[in-house]
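Understanding the architecture of this molecule
The primary structure of each chain is shown beneath.
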There are 2 protein chains.
Amino acid sequence: MGSAMLATMTQRVLVIGADAAGMSAAHQALRTARANGRELRITALEASGHTSYSACGLPYWVAGEVAGGGDALVARTAEQHRAAGIDLRLHTRAVAADLGEQWVEALGPDGVERFAYDDLVVTTGARAIVPDWARDAGGGLLPGVGPVHNLDDGAAWLDRFATHEGPVAIVGGGYIGVEMAEAAVRRGFEATLITRRRVLRSLGEELSQRVAGGLRAAGVTVVEDGAVEGLELRDARVSGVAHGGGSAAARLVVLALGVRPATDFLEGQAPLTDSGALRPDGNGRVGDGLWAAGDCCDVRHRLSGEWAYLPLGTHATKHGRALGDSLAGGGLRFDGALGTTITRFAAGGVHLEISCTGLSPDQVTAAGGRALMTEGTTASGYLSEAEPIAIEVAADPGSRRLQAVRIVGGRGAGKRVDAAAAVLWAGGTVDDLAWMDLSYAPPFATAWEILQVAARRLAERL
Amino acid sequence: MGSAMLATMTQRVLVIGADAAGMSAAHQALRTARANGRELRITALEASGHTSYSACGLPYWVAGEVAGGGDALVARTAEQHRAAGIDLRLHTRAVAADLGEQWVEALGPDGVERFAYDDLVVTTGARAIVPDWARDAGGGLLPGVGPVHNLDDGAAWLDRFATHEGPVAIVGGGYIGVEMAEAAVRRGFEATLITRRRVLRSLGEELSQRVAGGLRAAGVTVVEDGAVEGLELRDARVSGVAHGGGSAAARLVVLALGVRPATDFLEGQAPLTDSGALRPDGNGRVGDGLWAAGDCCDVRHRLSGEWAYLPLGTHATKHGRALGDSLAGGGLRFDGALGTTITRFAAGGVHLEISCTGLSPDQVTAAGGRALMTEGTTASGYLSEAEPIAIEVAADPGSRRLQAVRIVGGRGAGKRVDAAAAVLWAGGTVDDLAWMDLSYAPPFATAWEILQVAARRLAERL
């Protein structure tokens, strides 16, 4: 709580960014304040016209999988936030701040307004990275070209997919790139995915190649080691993407090049990393009267103890909730991330589930650890439910502690990562994972669950 | 190792029962002996004509889901065991033993033979419970009536389902009962499931009713609190099952009443519980020169520390492997069971996945613990992948330690139990489960994974 505030006064909380982290924080702060008999007044500024929406759902919306349109992606509307007592201002963007004087200036529908606060909650999220080659001379995006980051982007892609012809090029081989490849194939487009290195590079080479193979089997052209040099234009529209290895025909270009913290208004005011991230502690506290959570922040990696930029909705909601509780006198903590992720590529007759937890196998082996790949099936081999699955497990030979698990496989493969994440969370060993009592029945697993076989095989080699 | 054996001699190991536990033990013993430079001679006696088959696969085989027939259920054939150097005798049943003199007598194709040993490994598994009302005057099973315990039973049911008319009555509401109800519906039979108490009683009343509701939605008549009084016969064939509440028409009757340890030949020789179970330690050791694992044994429940009879293939293979390693000088341990189970009922347009880990909610609340039910979806609600899921979580209020998780839900629900089992294995709290970094993407989970929401809701109420 800001030092200038007296205990008897109402605590003025200003939240910048009304999405997952900010609104989790706001609602939890109100709950905790109520429980603690504290009075809290929350103002929330949101640059867009939307609150609390599922950015992760955008590729599925674009693919046509979301009944009810973009509204269905909104977990809580502006009205719902206001009904809870939050003074929410939409279309209001923070443009300047003085953290010493404790105010933020924001540009809204009625011009610039100054907001004084006792506690500032920075939950501004991230901005999609847009390279210069994607822009026209005026700095705007070329027609048919755009990222997939917020609801407006999603609506634009839904419109492009409905009214434009392909082919589609997806630039970027991360999670969003793979998910947009799924969307493009499901929409019947010819698609090329161009990635600077490999598809889902953090999987390591072998598993990355499995995913690339799946994309290719579904008809996607995959260009690896493809440095995009620029877009080719014809009649003021994109006709192709020039990359190191040649050119990919494209009328539509998805920018899936990652994101950066949206913290410009804090420059020179708050401690930002070179990439613009804030670094709050487990309670969401950055400094006196300054709090932050979500995609504008680094998080602590629970295994390495190092800061990592892992912009994911799960961390945003958890860290936001801990922040809100702490702000109002509670003590909930976000105790770090494991790097757990999941996605899928399910289109064109292919169904691949992809998940990770822990360090990357490269990190583990660079530090003297051991990694091992195991192949098997998701169910007993005699049932049609059995799908191929490959699991890489990595551990430290000295402590035998589990350090990383990577999974690529068919239906039912992906969520297996959660059991491994639970072992990592507890600091368990490969032996724990190999021998613990996990569930088995023929439609769900083999008698030695394949995740446990993978751990056991590594355990035997440490 | 038997005390009579000198270190320089070949260690004579006699394995009684060549299924999951016995053969896991035998192969691991050979591996460990090789690594330790020990000489081991293994003889294995098997009463049936089959080795290492998946008993858990029988209901799916009977349902017609197993391509390749009963052989597909066999993980390792007699030839494969023999090729590994194991002297395997099929159709050879142990009938007498003298553990002091260290011999077992077995009746095989060529009569009774006596086998001397240094180490005796008892992995005889279990026998299906067959009530008197299922037998004819001569003590044999009535036609159309039988259990589902071994490959011969499976073949008999496959034949009955292919050549007989229904309706089918399934007596017993445990896992096998539910799985055979699935098989019967998939085969197009009218089916009645009769259970003494509730369907899958260990789920607790609310979740049990969800499963019963699923069975009924698929057209199965479910009779709860149904004490079977006898079979009704017409023309020397079954025509119905008389139970407390009336009578169920039935031409075929599945006996799914559970199993008992198959340890008759050890009576008066070895320390057996009242129900006939052996109680080996984590290394599989019962006493000097006497080892056991699998369905003829109780196992230690890791949470309660008490003995429990949990006849499951997972424990059999793990405990068997630990036994084999220990027998040959290694130290692998089976460190107890959590009571983790999974099954499904997927037929007649219904798909329910059912899983458990830990103590029963009744046990927890009886000991002053708290249990709470949470409902949600398996995926983000705006996607068609979202299926209803109900999760009951129980914990001890003092220590906040997680004690039980029960799950009933649609596709993707069941295997979630593994993350909870991993928390239980480590002795973690509901807070650990609520806040750890589990995987999220819209087709796989909600942003707060429902298992974590369930834990968090309970955590807030402790």
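Here the focus is the overall build of chain A. In terms of helices and strands, chain A carries 11 helices and 26 strands. If you line up chain A on its principal axes, its C-alpha atoms span 70 × 60 × 40 Å. Residues classed as buried in chain A amount to 58% of the 462 residues present. Sequence separation of at least 24 residues holds for 63% of the intrachain contacts in chain A that already meet a minimum separation of 6. A total accessible area of about 17100 Å² is found for chain A, and carbon and sulfur atoms account for 46% of it.

Moving on: the sheet that holds strand β22 (residues 341-347) of chain A. All names here are of chain A. Taken in spatial order, the five strands of this open sheet run β22-β23-β26-β25-β24, and their pairing is antiparallel. Whereas interior strands pair on both sides, the edge strands pair on one side only; in this sheet they are β22 and β24 (370-377). Taking each pair of neighbouring strands and ignoring which way they run, the sheet shows an average axis angle of 10°. One ladder, built from seven bridges, connects strand β25 (residues 388-395) with strand β26 (residues 402-409); its direction is antiparallel. Pairing of A395 across the sheet is with L402, part of β26. Across the sheet, helix α5 (residues 175-186) is in contact with β22 and β23 (350-358); its angle to β22 comes to roughly 20°. In the packing of helix α6 (residues 205-217) onto the sheet, the strands contacted are β22, β23, β24, β25 and β26, and the crossing angle to β23 comes to about 155°.

Moving on: the packing of aromatic side chains. All names here are of chain B. Throughout the structure, instances matching the rule amount to six aromatic pairs over all chains. Judged by centre distance (5.5 Å) and plane angle (70°), the ring pair of W157 and F161 falls under edge-to-face. Placement of the pair is W157 and F161 together in helix α4 (residues 151-163), with a separation of four residues, close to one helical turn. Overall, W157 belongs to the buried group, its relative accessible area being 0%. Given the relative accessible area of 5%, F161 is considered buried. Ring geometry for W435 against W448: centres 5.5 Å apart, planes inclined by 85°, an arrangement best described as edge-to-face. On the criterion of sequence distance, the pair formed by W435 in helix α10 (residues 430-435) and W448 in the loop between α10 and α11 (450-461) is long-range, its members being 13 residues apart. The exposure class of W435 is buried, given its relative accessible area of 9%.

The next subject is the confidence of the model for chain A. Per-residue pLDDT for chain A has a mean of 95; in total, 98% of the residues score no lower than 70. If you check the scores for this complex, the pTM reads 0.96 and the ipTM reads 0.96.

Geometrically, a packed helix pair is captured by the angle between its two axes and the distance between the axes. Residue and element names in this part refer to chain B. It is at 7 Å that the axes of helix α1 (residues 20-36) and helix α7 (residues 313-327) come closest, and there the two elements cross at 35°. The element α1 and its partner α7 pack so that their crossing is right-handed. Contact with α1, carried on its side by A20, A21, S24, A25, Q28, A29, R31 and T32, involves A316, T317, G320, R321, L323, G324, D325 and L327 of α7 and no other residues of that element. A per-class count over the contact of α1 with α7 returns seven nonpolar, six polar and three charged.

Taken together, the 59 residues of chain A in the interface contact 59 residues of chain B. At the junction of chain A and chain B, the tally comes to six salt bridges. Among the ionic pairs, K415 of chain B bridges to E449 of chain A, the shortest N-O distance being 2.6 Å. Seen at the junction of chain A and chain B, the total is 23 residue pairs in polar contact (both at pLDDT 80 or more). Mapped by element, the contributors of at least two residues to the side of chain A that touches chain B are α7 (313-327), β22, α9 (417-425), α10 (430-435) and α11 (450-461) of chain A. Class assignment of the residues belonging to the side of chain A that touches chain B gives a composition of 33 nonpolar, 11 polar and 15 charged.

So, about the pairing of β25 of chain A. All names here are of chain A. Counting buried positions along β25 yields seven of eight residues, so the element is predominantly enclosed. By the bridge criterion, eight bridges tie β24 to β25 in an arrangement that is antiparallel. Residue pairing across strands places L372 opposite V393, the latter belonging to β25. In this structure, the hairpin formed by β25 and β26 is closed by a connection of six residues, where R400 is found at a positive phi of approximately 65°.

On to a nonpolar patch on the surface. Taken together, the side chains of V95, L107 and V112 of chain A present a nonpolar region at the surface, about 260 Å² in accessible area. Topologically, V112 of chain A is positioned in strand β6 (residues 111-116).

Residues and elements named next belong to chain A. The residue after G166, namely P167, is reached through a cis peptide bond having omega 0°. By the secondary structure assignment, P167 is in the loop between α4 (151-163) and β10 (168-171). Positive phi, close to 50°, is recorded for D225, a residue that is not glycine. Here D225 shows up in the loop between β12 (221-223) and β13 (228-234).

Let us look at the relation of the copies chain A and chain B. By a simple turn and slide, chain A fits onto chain B: the slide is 0.0 Å along the axis, the RMSD is 0.0 Å, and the turn is 180°. What the superposition gives is, in effect, a two-fold axis relating one chain to the other. Distance from the rotation axis, computed per C-alpha, reaches its smallest value in chain A at A419 of chain A: 2.0 Å. When you check the interface residues of chain A against chain B, 100% turn up at the interface there too, and the contact is symmetric in its surfaces.

Here we take up the nonpolar core. Membership of the largest hydrophobic core comes to 72 residues, with the highest contact counts inside it found for I391 of chain A together with I391 of chain B. In this structure, I391 of chain A is in contact with L372, M373, T374, V405, R406, I407, I450, L451 and A454 of chain A, ignoring residues within four places of it in sequence.

Let's shift gears to the sheet that holds strand β3 (residues 87-89) of chain B. Residue and element names in this part refer to chain B. Pairing is mixed in the open sheet, where six strands are placed in the order β3-β2-β1-β7-β19-β18. Only two strands of the sheet have a single partner each, and these edge strands are β3 and β18 (285-287). With direction set aside, neighbouring strand axes in the sheet form an average angle of 20°. Here two bridges tie β18 to strand β19 (residues 290-292), and the two strands are oriented antiparallel to one another. Across the sheet, G287 pairs through a bridge with L290, a residue of β19. Contacts from α7 reach β1 (11-16), β7 (119-122) and β19, with the element oriented near 155° to β19.

Here we come to the pattern of salt bridges. Residues and elements named next belong to chain A. Tallied over the entire structure, the rule returns 42 salt bridges over all chains. Among the ionic pairs, R12 bridges to D118, the shortest N-O distance being 3.0 Å. In this pair, R12 sits in strand β1 (residues 11-16) while D118 sits in the loop between β6 and β7 (119-122), placing the two residues 106 residues apart along the sequence. With relative accessibility at 2%, the residue D118 sits in the buried group.

Residue and element names in this part refer to chain B. When the terminal C-alpha atoms of α4 are compared, their 18 Å separation across 13 residues agrees well with the 18 Å that a helix rising 1.5 Å per residue should span. Taken as a whole, α4 has its buried residues at L151, D153, G154, W157, R160 and F161. Where α4 begins, the capping side chain belongs to N150, and its oxygen is found 3.1 Å from the backbone nitrogen of D152.

The next thing to look at is the environment of E165 of chain B. With respect to the helices, strands and loops of the structure, E165 of chain B is situated in the loop between α4 and β10 (168-171). Apart from the residues lying within four places of it in its own chain, the contact partners of E165 of chain B are F189, R251 and L252 of chain B.

Owing to its 3.6 residues per turn, the α-helix aligns residues three or four sequence positions apart on the same side. In terms of residue burial, helix α9 (residues 417-425) of chain B counts as a mostly covered element, since nine of its nine residues are buried. Buried positions along α9 of chain B lie against α9 and α10 of chain A together with β23 (350-358), β26 (402-409), α10 and α11 of chain B. Immediately downstream of α9 of chain B, the backbone of G427 of chain B shows phi near 70°, a positive value.

With that settled, the discussion passes to the environment of L310 of chain A. Residues and elements named next belong to chain A. With respect to the secondary-structure elements, L310 resides in the loop between β21 (307-308) and α7. Judged by its relative accessible area of 23%, L310 falls in the partly exposed class. Sequence-wise, L310 and R416 are 106 residues apart; in three dimensions their C-alpha atoms are separated by 21 Å.

How each quantity is defined
- Residues numbered from 1 in each chain as written.
- Chains lettered and ligands numbered in written order.
- Predicted model: local features only at pLDDT ≥ 70, side-chain atom pairs only at ≥ 80, totals over all residues.
- Heavy atoms only, no water.
- Helix = DSSP H or I, 4+ residues; strand = E, 2+ residues; numbered from the N terminus.
- Buried < 20%, exposed > 50% of the residue type's maximum accessible area, 1.4 Å probe, protein only.
- Contact = heavy atoms within 4.5 Å.
- Areas by Shrake-Rupley, 256 points an atom, 1.4 Å probe, with all protein chains shown as cover.
- Pairing = 2+ DSSP bridges.
- Axes fitted to C-alpha atoms, helices over the stretch in contact; angles between N-to-C directions.
- Phe/Tyr/Trp six-rings, centres within 6.5 Å; stacked < 30°, edge-to-face > 60°.
- pLDDT = per-residue confidence, 0-100.
- Left-handed = near helix turned anticlockwise from the far one by under 90°.
- Nonpolar A, V, L, I, M, F, W, Y, C, P; charged D, E, K, R; others polar.
- Salt bridge = Lys/Arg side-chain N within 4 Å of Asp/Glu carboxyl O.
- Polar contact = N/O pair within 3.5 Å; in protein donor to acceptor, adjacent residues only side chain to side chain.
- Patch = residues over 30% accessible without salt bridge, like charges linked within 9 Å, V, L, I, M, F, W, Y side chains within 5 Å.
- Least-squares fit on C-alpha atoms with pLDDT ≥ 70 in both.
- Core = buried A, V, L, I, M, F, W, Y, C linked by side-chain atoms within 4.5 Å.
- Expected span 1.5 Å × (residues − 1).

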